Amino acid sequence: MNILLWRYFAFFTVILIAVVSLVCYGVLSNAYSAQAKNHITSIGNNLTAFVDGKVNMPEQDVIRIMNGYAISEGIEAFLVSFDGEAYIATAETPSDWESVVGDMCSRVNGWTDKRAVIYHDGNMLNYASCVVFNRQQYYLFVRYPLSIIVSSVRSMQIYIIVIAAVAIVISFVISYLLAQRISRPIKNMSGTAARMAEGDYSVKFASAEYQEIAQLSDTLNYAKDEMKKSEEFQKELLANVSHDLRTPLTMIKAYASMIEEISGNDPVKRSQHLKVIIDEADRLTGLVNDILNASKVSAGLSELNKKVFNLTEFTYSIMNKFDYLQQTADYKFYVDIDADMYTLADEEKIGQVIYNLISNAVNYTGDDKSVYVSLKYVPEENRIRFAVRDTGKGISEEERSHIWDRYYRSKDTHNRPVKGTGLGLNIVKIILQAHSFDFGVRSEEGKGSIFYVDFPEVSSRPDEV
């Protein structure tokens, strides 16, 4: 990763410096050309103003002024007659003077008072104007060697290349250091993640100065905490299930031995002992079903089969399953259910929800063994609210955020005929979220808890949808 980041940074820097260098080179070349043109124009205009229209001016004065410009500005100046002769000159005429003059005349395109032109001629920048000196018509011809511009541009080009090379070297170093700095927190996270994968949940993903990496660090810390909770919950589940399975298995074996050795010929005792075996077998079945249902529902192996059904009658049918607790364990169920209310949902899965919520209330209700079940229509919201209230110790605010988690069971001890695996409320949560139904819990420590579910109210016959 370091090398990859370094390559990207270095490549980007080289391209950027190359583009900037080319732009600077082009801008400077144009700037020098424009400056040279303005320069020769200024010189030519000054000389024209000095010569043009002068009468009886000594030629020495003109030569002195022209030579001054030639020495200070590096130009060549000529006062050219119509026959091509250099009447006054600051330098020797070149060997191709005739072609130079011919080109100048064609550029000027006939003598006209005050006319001036500027043009390139090979390696020279030329200025030509029409002047009248001592009552004679001449061409004022000024030449400026472009080699000066080329030399200046070449020097600047060398400077740009040197600066670009130094900048590239510096950028390579900076890009390497920057790549190291960016990748360091990612490498640290990778090492921390490897330790976490080995089961060390005490690790902590360090934050970083970059917002995205800091967010990733926070997310990984959250995932680590959740994985730690899940592992703790699973360990607790194994302990709970092991304990809950051991007891009924021991009871079944003990009472089967008693039937074999003691009560086999006594119909009354044999029936009592068989009843215990059947009850314990039912309890084992419930434990296994809880585990299978949680896995099946959370894995999404079963789709929702929604239909309209009578929620009132359905709730009563589930309540009947708890009659044995009233008869054998002195439980009291207080029911407040409105008549003939219909809803649209998966009937089988909603049955799991209602049964699990009532079972949870049975496990955690107070010493009065009272459970309150209500199913009421809320007309202003067009919904049906199912609620189960117990009279137990309530749920602390700390535990309230965990009760819907898989494998979670309250740390408060309870001694109820219906044992939980810590999966019941998680199953409730998964099913209701799949239905998009509102649900929740209200609880106050010392005053019990109320679990509720809001069903949509449907005014129709229970036909398949």
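Below, the structure is looked at part by part. (Residues numbered from 1 in each chain as written. Predicted model: local features only at pLDDT ≥ 70, side-chain atom pairs only at ≥ 80, totals over all residues. Heavy atoms only, no water.)

## What to know about helix 7 (residues 311-319)
What helix 7 keeps buried is the set Leu311, Thr312, Phe314, Thr315, Ile318 and Met319. Down the axis of helix 7, the smallest arc covering the buried residues is 165 degrees, so these residues share one side. Measuring from the side-chain oxygen of the N-cap residue of helix 7 to the backbone nitrogen of Thr312 gives 3.0 Å; that N-cap residue is Asn310. (Buried < 20%, exposed > 50% of the residue type's maximum accessible area, 1.4 Å probe, protein only. Helix = DSSP H or I, 4+ residues; strand = E, 2+ residues; numbered from the N terminus. Arc of directions from axis to C-beta. Polar contact = N/O pair within 3.5 Å; in protein donor to acceptor, adjacent residues only side chain to side chain.)

## Description of the sheet that holds strand 2 (residues 86-89)
Read from one edge to the other, the open sheet built from five strands follows the order 2-1-5-4-3, with strand pairing classed as antiparallel. At either margin of the open sheet sits one strand with a lone partner, and together these are strand 2 and strand 3 (116-121). Pairwise comparison of adjacent strand axes, ignoring direction, gives a mean angle of 25 degrees for this sheet. With ten bridges connecting them, strand 4 (residues 124-133) and strand 5 (residues 136-145) associate as antiparallel partners. (Pairing = 2+ DSSP bridges. Axes fitted to C-alpha atoms, helices over the stretch in contact; angles between N-to-C directions.)

## Brief notes about unusual backbone geometry
Within the chain, Asn134 stands out as a residue other than glycine whose phi angle is a positive 50 degrees. Among the structural elements, Asn134 can be located in the loop between strand 4 and strand 5. Owing to a relative accessible area of 25%, Asn134 belongs among the partly exposed residues under this scheme. Non-glycine residue Lys369 carries a positive phi angle of around 55 degrees. Structurally, the position occupied by Lys369 is in the loop between helix 9 (347-364) and strand 9 (370-378).

## Describing the sheet that holds strand 9
Read from one edge to the other, the open sheet built from five strands follows the order 7-9-10-12-11, with strand pairing classed as mixed. Strand pairing shows two members of the sheet lacking a second neighbour, strand 7 (332-337) and strand 11 (439-443), which therefore form its edges. Taken over all neighbouring pairs, the strand axes of this sheet differ in orientation by 15 degrees on average, direction set aside. In terms of strand pairing, strand 10 (residues 383-390) meets strand 12 (residues 449-456) through seven bridges, oriented antiparallel. Counterpart to Arg385 in the pairing with strand 12 is Asp454. Sitting on the sheet, helix 9 touches strand 7, strand 9, strand 10 and strand 12, and the angle it makes with strand 10 is about 25 degrees. (Contact = heavy atoms within 4.5 Å.)

## Side note on the nonpolar core
Counting residues in hydrophobic clusters, the biggest one holds 40 residues, and the most contacted among them are Phe333, Ile350, Leu357, Ile358 and Phe386. Put simply, the parts of the chain that give this core at least two residues each are helix 7, strand 7, helix 9, strand 9, strand 10, helix 11 (424-435) and strand 12. The element that contributes the greatest number of residues to this core is helix 9, accounting for seven residues. The contact partners of Leu357, leaving out residues within four places of it in the chain, are Phe386, Val388, Leu425, Val428, Phe451 and Val453. One finds Ile43, Leu47, Ile75 and Ala77 within the second-largest nonpolar core, a separate group that totals 22 residues. (Core = buried A, V, L, I, M, F, W, Y, C linked by side-chain atoms within 4.5 Å.)

## Focus on the packing of aromatic side chains
In this structure the tally under the stated criterion is 13 aromatic pairs. Between Trp97 and Phe141, the ring centres sit 6.2 Å apart and the planes meet at 55 degrees, which makes this aromatic pair tilted. You can see Trp97 sitting in helix 3 (residues 97-108) and its partner Phe141 sitting in strand 5, a full 44 residues away along the chain. On the basis of relative accessible area, Phe141 is assigned to the buried category, the value being 0%. Their ring planes at 45 degrees and their centres at 5.9 Å tell us that Phe322 and Phe333 sit as a pair that is tilted. Of this pair, Phe322 sits in the loop between helix 7 and helix 8 (323-328) while Phe333 sits in strand 7, and the two are eleven residues apart along the sequence. Accessibility assignment for this pair places Phe322 and Phe333 in one class, buried. Clustering of aromatic rings is evident, with ring pairs tying together Phe322, Tyr331, Phe333 and Tyr355. Between Arg385 and the ring centre of Tyr452, over which it is positioned, the NZ or CZ distance is 4.2 Å. (Phe/Tyr/Trp six-rings, centres within 6.5 Å; stacked < 30°, edge-to-face > 60°. Lys NZ or Arg CZ within 6 Å of the ring centre and 35° of its normal.)

## Points about the side chain of Arg383
Relative to the elements of secondary structure, Arg383 occurs in strand 10. The class for Arg383 is buried, based on a relative accessible area of 14%. For Arg383, the side chain forms a polar contact with the side chain of Asp454, separated by 3.0 Å.

## Here's the deal with the state of the cysteines
A complete count under the given rule lists zero disulfides for this structure. Not part of a disulfide, Cys105 finds its nearest cysteine sulfur in Cys130, a span of 9.2 Å. (Disulfide = S-S within 2.5 Å.)

## Details of helix 2 (residues 59-73)
Under the 1.5 Å per step criterion, the end-to-end length of helix 2 is 21 Å for 15 residues, consistent within 8% with the ideal 21 Å. Within the sequence span of helix 2, burial applies to Val62, Met66 and Ala70. The buried side chains of helix 2 occupy one side of the element, clustering within an arc of 65 degrees when seen end-on. Facing away from the buried surface of helix 2 by more than 90 degrees, the exposed residues are Gln60, Arg64, Ile71 and Ser72. (Expected span 1.5 Å × (residues − 1).)

## Let's talk about the environment of Met104
Examined against the element boundaries, Met104 turns out to sit in helix 3. Along the backbone, Met104 and Asp121 are 17 residues apart, and their C-alpha atoms lie at a distance of 9.3 Å. If sequence neighbours within four positions are ignored, Met104 has contacts with Tyr119, Ala128, Tyr139 and Phe141.

## Section: the pattern of salt bridges
Within this structure, the stated rule accounts for twelve salt bridges. Close ionic contact of Asp336 with Lys376 constitutes a salt bridge, the shortest N to O distance being 3.3 Å. Here Asp336 is found in strand 7, whereas its partner Lys376 is found in strand 9, with 40 residues between them in sequence. Each of the salt bridges in this network shares a partner with another, and the network as a whole consists of Glu381, Arg383, Arg385 and Asp454. (Salt bridge = Lys/Arg side-chain N within 4 Å of Asp/Glu carboxyl O.)

## Description of the packing of helix 7 against helix 9
Across the interface, helix 7 lies against helix 9 with an axial gap of 10 Å and an inter-helix angle of 50 degrees. Accordingly, the angle class assigned to the pair helix 7 and helix 9 is oblique. In the packing of helix 7 onto helix 9, the handedness of the crossing is right-handed. Residues Leu311, Phe314, Thr315, Ile318 and Met319 of helix 7 lie in contact with helix 9, whose contacting residues are Glu347, Ile350, Gly351, Ile354, Tyr355 and Ile358. Among the residues making up the contact of helix 7 with helix 9, the classes are represented as eight nonpolar, two polar and one charged. (Parallel < 35°, antiparallel > 145°, perpendicular 65-115°, else oblique. Left-handed = near helix turned anticlockwise from the far one by under 90°. Nonpolar A, V, L, I, M, F, W, Y, C, P; charged D, E, K, R; others polar.)

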